[in-house]
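Reading the structure
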Amino acid sequence: MAAVAEFDSVGLRYGTGAEVLRDLDFRLRTGSFYFLTGPSGAGKTSLLKLLYLAQRPTRGRIKLFGEELTEAPRETFPPFRRRIGVVFQDFRLIRHLSAFDNVALPLRVSGASEEDIEGPVREMLAWVGLADRASARPPTLSGGEQQRVAIARAVINRPELLVADEPTGNVDSEMANRLMGLFTALNRLGTTVVVATHDMTLVAATPGAQLIRLENGTLVDPSGSIRNPRSRDAS
Amino acid sequence: MLDWLFVTPAERRLLGTARLGGPTPWVIAIMSFSIMLIAASGLALANTASVLSGAIQARYAVEVPAGAASLDAIVRVIRSAPGVVSAQAVPEREMRATLAKWLGPEAQSDDLPVPALINFESSGGASLPIIQKRIQELAPGARIVAHRDSVAPLLRSLSVLQVVAFGLVLLLSAAAAAAVVLAARGALDTHRFTIEVMHGIGATDLQVTHLFQRKILIDAFIGSVTGGIAAAGVLLLLAGGAAFAGELTGGATLGIVDFIILALLPVALTLLATWVARIAVLRALSEAL
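Source: prediction; values computed, not measured.

The rules behind these values
Residues numbered from 1 in each chain as written. Chains lettered and ligands numbered in written order. Predicted model: local features only at pLDDT ≥ 70, side-chain atom pairs only at ≥ 80, totals over all residues. Helix = DSSP H or I, 4+ residues; strand = E, 2+ residues; numbered from the N terminus. Buried ≥ 20, exposed ≤ 12 C-beta atoms within 10 Å, placed from the backbone. Contact = placed C-beta atoms within 7 Å. Nonpolar A, V, L, I, M, F, W, Y, C, P; charged D, E, K, R; others polar. Pairing = 2+ DSSP bridges. Core = buried A, V, L, I, M, F, W, Y, C linked by C-beta atoms within 7 Å. Axes fitted to C-alpha atoms, helices over the stretch in contact; angles between N-to-C directions. Parallel < 35°, antiparallel > 145°, perpendicular 65-115°, else oblique. Left-handed = near helix turned anticlockwise from the far one by under 90°. pLDDT = per-residue confidence, 0-100.

To continue, consider the overall build of chain A. In terms of regular secondary structure, chain A is built from seven helices and ten strands. Its C-alpha atoms give chain A principal-axis dimensions of about 50 × 40 × 35 Å. Going through the 235 residues of chain A one by one, you find that 43% of them count as buried. At a minimum sequence separation of 6, the contacts of chain A that also span at least 24 residues come to 68%.

Glancing now at the overall build of chain B. Secondary structure summary: chain B contains ten helices and four strands in total. Taken from the N to the C terminus, the helices and strands of chain B come in the order α-α-β-α-β-α-β-α-β-α-α-α-α-α. Relative to its 289 residues, chain B shows a buried fraction of 31%. When contacts within chain B are restricted to residue pairs at least 6 apart in sequence, those whose partners lie at least 24 apart make up 87%.

In this section: the interface of chain A and chain B. Taken together, the contact between chain A and chain B spans 21 residues of the former and 15 residues of the latter. Those elements that provide at least two residues to the side of chain A that touches chain B are α2 (77–81) and α3 (99–109) of chain A. A per-element tally of the side of chain A that touches chain B places α3(A) first, with six residues. Partitioning the side of chain A that touches chain B into residue classes produces eleven nonpolar, two polar and eight charged.

Residue and element names in this part refer to chain A. The strand order across the open sheet formed by four strands is β2-β1-β4-β5, and the pairing between neighbours is antiparallel. Two strands in the sheet have a free side with no partner beyond their single neighbour: β2 (19–29) and β5 (67–68). Looking at chain direction, strand β1 (residues 3–13) and β2 are connected through seven bridges and run antiparallel. Looking at the pairing, R13 lines up with E19 of β2.

Membership of the largest hydrophobic core comes to 116 residues, with the highest contact counts inside it found for V103(A), V163(A), A39(B), V180(B) and A273(B). At 15 residues, helix α2 (residues 24–56) of chain B tops the list of elements feeding residues into this core. Counting 18 residues, the second largest nonpolar core, distinct from the first, contains I78(B), L117(B), F120(B) and A142(B).

A word on the packing of α3(A) against helix α5 (residues 143–155) of chain A. Residue and element names in this part refer to chain A. For the pair α3 and α5, interaxial distance at closest approach is 7 Å and the crossing angle is 25 degrees. Comparing their axes, α5 and α3 come out roughly parallel. Viewed along their axes, α3 and α5 form a crossing whose handedness is right-handed. Side by side, α3 and α5 meet where A99, N102, V103, L105 and P106 of the first sit next to V149, A152 and R153 of the second. Looking at the contact of α3 with α5, its residues break down into six nonpolar, one polar and one charged.

Looking now at the sheet that holds strand β10 (residues 218–219) of chain A. Each strand in a sheet pairs with another by means of backbone hydrogen bonds, the pair being arranged parallel or else antiparallel. Residue and element names in this part refer to chain A. Reading across the sheet, the six strands line up as β6-β7-β8-β3-β9-β10 and stay open at both edges, with mixed pairing between neighbours. Edge positions in the sheet fall to β6 (84–87) and β10, since each has one partner strand and no second. Set on the sheet, α5 makes contact with β6 and β7 (161–165); between it and β6 the angle comes to about 175 degrees.

Before going further, it helps to examine the packing of α2(B) against helix α10 (residues 256–286) of chain B. Packed helices, taken two at a time, are described by the angle between their axes plus the distance between the axes. All names here are of chain B. Between α2 and α10, the shortest axis-to-axis distance is 10 Å and the interhelical angle comes to 150 degrees. Here α2 lies roughly antiparallel to α10, going by the angle between them. Judged by the sense of rotation from one axis to the other, the crossing of α2 with α10 is right-handed. Contacts between α2 and α10 involve I28, M31, S32, I35, M36, A39, A40 and L43 from the first element and D258, I261, L262, L265, P266, L269 and A273 from the second. Tallied by class, the residues present in the contact of α2 with α10 amount to 13 nonpolar, one polar and one charged.

This part takes up the confidence of the model for chain A. On average, residues of chain A score 88 in pLDDT, and 93% of them reach the 70 mark or higher. Looking across chain A, the model is least confident in helix α7 (residues 200–204) of chain A, with a mean pLDDT of 83, and most confident in α3(A), with 95.

This part takes up the pairing of strand β9 (residues 210–215) of chain A. Going residue by residue along β9(A), you find Q210(A), I212(A) and L214(A) tucked away on one face and L211(A), R213(A) and E215(A) left uncovered on the opposite face. Count of turn residues in the β9(A)/β10(A) antiparallel hairpin: two residues, of which N216(A) carries a positive phi of about 50 degrees.

The next point concerns the environment of I94(A). Relative to the helices and strands, I94(A) resides in the loop between β6 and α3. Judged by the 21 C-beta atoms lying within 10 Å of it, I94(A) falls in the buried class. Placed 24 residues apart in sequence, I94(A) and E118(A) show a C-alpha to C-alpha distance of 19 Å. Contact partners of I94(A), with chain neighbours within four places excluded, come to N102(A), T194(B) and V197(B).

Below, the structure is given as structure tokens:
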């Protein structure tokens, strides 16, 4: 099966510090669902940054969507970024824009017309339970509401790869289940999903999902195999 | 090509409704004001030099050291020369009145030898060597002096002043551009988070730049037009309303072309600011991943 991402001996260090990621070798298969777990400081967020092109590796090679991007010019990144949805741990919502405008942003960046934006954005906001908060600005929303706006923004464009950093950290269990349901539904439609989380109950509740475990910047399984102990599917 | 000028309300909201931070529009207004005044002065100087140069191009003076004895005969000789349009002797009282400015009452003394002077104007076909030769026959030592030679230092000074004015316009434009670069960098810092989010979801540098470019264009336009209007008011005030057009700087006129140039300066300054902002923003964005 085609790989959405391929990491080959990838290492990452910030500035002149020690490597935060070392010798990462793995492939993310198109259409699969992955959980990225590991203790705090293991390098989960750094690995996600490599996936959504916010960082270049300091060594090794990364292929995304079949394209070698390790040393590709930065001007080539935008089309790839439009194929990736990202849910940030700190939401990264634009404070002076309404929830509607925040969710609509990826569509506008892609050049969609206002007529083509209105419907899908309203629908998405309704799905995450924020239909009546469309004109509210992030500072007036609770943490959970901001998280849901951030998720709506990440998935509005039907991304081929969805990367989420602790997406359920600020929502109650009911909303967490709904959001994971959305991720699963997107995954069924072909989106490759990578969710970084500490919450093993989410992993357990998502059959078929595979596990990537990081410790001290390296994959725990040195063979590079990625598996969910509760699943037979393995890479 | 200019589609970035016509953004949707949603795109406008991305950078908020606030104008450029800090005093940039005011700095541009001051630059525009100064540039307009200096440019108007430079154009008036150019016209003055042109008028002066044209007026004296074919005018000459004959200095007769011996005094007025042979003056009438010399005037007749000059008038009879082919190509001479007119010739008049400068009356002695005028010469003495001129000398009085330096010598005081002594200039009226009969003991003071006053040289005689004849002004003549040629139509271009006059042969100065022939006229000189005939004058020499009547008054040895008499010599012809071209007015343009006498006024050359003044014309050179006017040319230098024009170059200085042009240089100042360039210098102030550069200073305005520098202010815009600083403003653009400040705006980028203010909106760094928004830019990061936009880049993260796939916005190109050009998409981000267009947002800033439009905002800076509006602020630069407001600043330069405000400065331009203030400068026009000052020029009209200084030059005395309607007399301005005809009498600025001692008779030189500001023509229609000059007025068009002056009116275009704020537009040029706005375009310069926008172009500089675009380069500055694109360069700054290229430093990020």
